[in-house]
Amino acid sequence: MTSDTLFTKIIKHDIHADILFQDERVTAFRDINPQAPTHILIIPNKEIPTVNDISDEDESVLGYLFVVAKKLAGQENIDKDGYRLLVNCGKHAGQEVFHLHMHLFGGKPLGRMVQLEDSF
Ligand code: AMP
């Protein structure tokens, strides 16, 4: 009996994804439903469900997500024009997969961070 998340199955190559980078700490692959010309997910190999579940020992791998994101942005040639890094946490952010992941969006102007019509 396994409780692997969808993304853990991708890390283990049990299901297919377009993996762009993988080492012992982090895996990065193209989003299956891209919302920009470049849309990559960068994830810790360790299963951390949400940002709320981060512990002190995760600090290093979480910083490393940015290092990998920067390298991938260069490879995708979106570093000069700019890009967006985004991490959703929980219901109000619309998190769908409960394995912490950083989105890397780029390749076009990305608009506002939060929709204008959102009132609070
Ligand atoms: P979030 O809403 O932040 O949880 O983002 C989850 C992302 O995972 C979405 O952008 C989905 O399109 C993406 N996704 C779901 N299943 C897969 C898959 N099998 N391969 C690649 N990306 C996926």
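Relevant structure appears above.
Residue indices begin from 1 for each chain and proceed along its sequence in written order. The predicted nature of this model means local features are confined to residues of pLDDT at least 70 and side-chain atom pairs, given and counted, to a pLDDT of 80 or more, with totals for whole chains, interfaces and linings taken over all residues. As a convention, hydrogens and water are excluded, and side-chain values are obtained from all of the structure's heavy atoms.

Q: Even after reading the chapter, I still don't get a nonpolar patch on the surface, so can you show me in this structure?
A: Excluding any residue in a salt bridge, patches collect residues exceeding 30% relative accessible area, merging like charges within 9 Å and nonpolar Val, Leu, Ile, Met, Phe, Trp and Tyr side chains within 5 Å. Accessible surface area values rest on a Shrake-Rupley calculation with a 1.4 Å probe, where residue burial reflects the displayed protein chains alone. Whenever a carboxyl oxygen of Asp or Glu lies within 4 Å of a side-chain nitrogen of Lys or Arg, that contact is scored as a salt bridge. Side chains of Val-51, Ile-54 and Val-87 sit close together on the surface and give an oily, nonpolar patch of about 190 Å² of accessible area. Strands here mean DSSP runs of E at least two residues long; helices mean DSSP runs of H or I at least four residues long; both are numbered from the N terminus. Among the secondary structure elements, Val-51 is positioned in the loop between β3 (38–44) and α2 (59–75).

Q: Just to check I follow, could you spell out the sheet that holds strand β2 (residues 26–30) for this structure?
A: Each strand in a sheet pairs with another by means of backbone hydrogen bonds, the pair being arranged parallel or else antiparallel. Sheet architecture is open: 5 strands sit in the order β1-β2-β3-β5-β4, paired in antiparallel fashion. Pairing within the sheet leaves two strands with one partner each, and these edge strands are β1 (19–22) and β4 (83–86). In this sheet, neighbouring strand axes are inclined to one another by 15° on average, regardless of whether the strands run parallel or antiparallel. Paired strands, in this sense, are two strands between which DSSP finds at least two bridges. Two elements, β4 and strand β5 (residues 102–106), share 4 bridges in a ladder whose sense is antiparallel. Residue pairing for β5: Arg-84 is matched across the bridge by Phe-105. Its contacts with the sheet place α2 against β1, β2, β3, β4 and β5, and it is angled at close to 155° to β3. Geometry is summarised by axes, namely lines fitted to C-alpha atoms with helices restricted to the contacting stretch, and by angles between N-to-C directions that run from 0 to 180 degrees. The criterion used for residue contact is that any of the two residues' heavy atoms lie within 4.5 Å.

Q: Help me understand the environment of Leu-104, please; the structure alone is not making it clear to me.
A: Mapped onto the fold, Leu-104 is located in strand β5. Per-residue accessibility, obtained with a 1.4 Å probe over protein chains only, is compared with the maximum for each type, and a residue is labelled buried under 20%, exposed over 50%, and partly exposed between these values. On the basis of relative accessibility, which here comes to 0%, the residue Leu-104 falls in the buried class. Placed 35 residues apart in sequence, Leu-104 and Ala-69 show a C-alpha to C-alpha distance of 6.8 Å. Beyond its immediate chain neighbours, meaning those up to four positions away, Leu-104 contacts Thr-38, His-39, Ile-40, Ile-42, Ala-69, Leu-72, Ala-73, Ile-78, Tyr-83, Arg-84 and Leu-85.

By themselves, these are just geometric observations and shouldn't be taken as functional.
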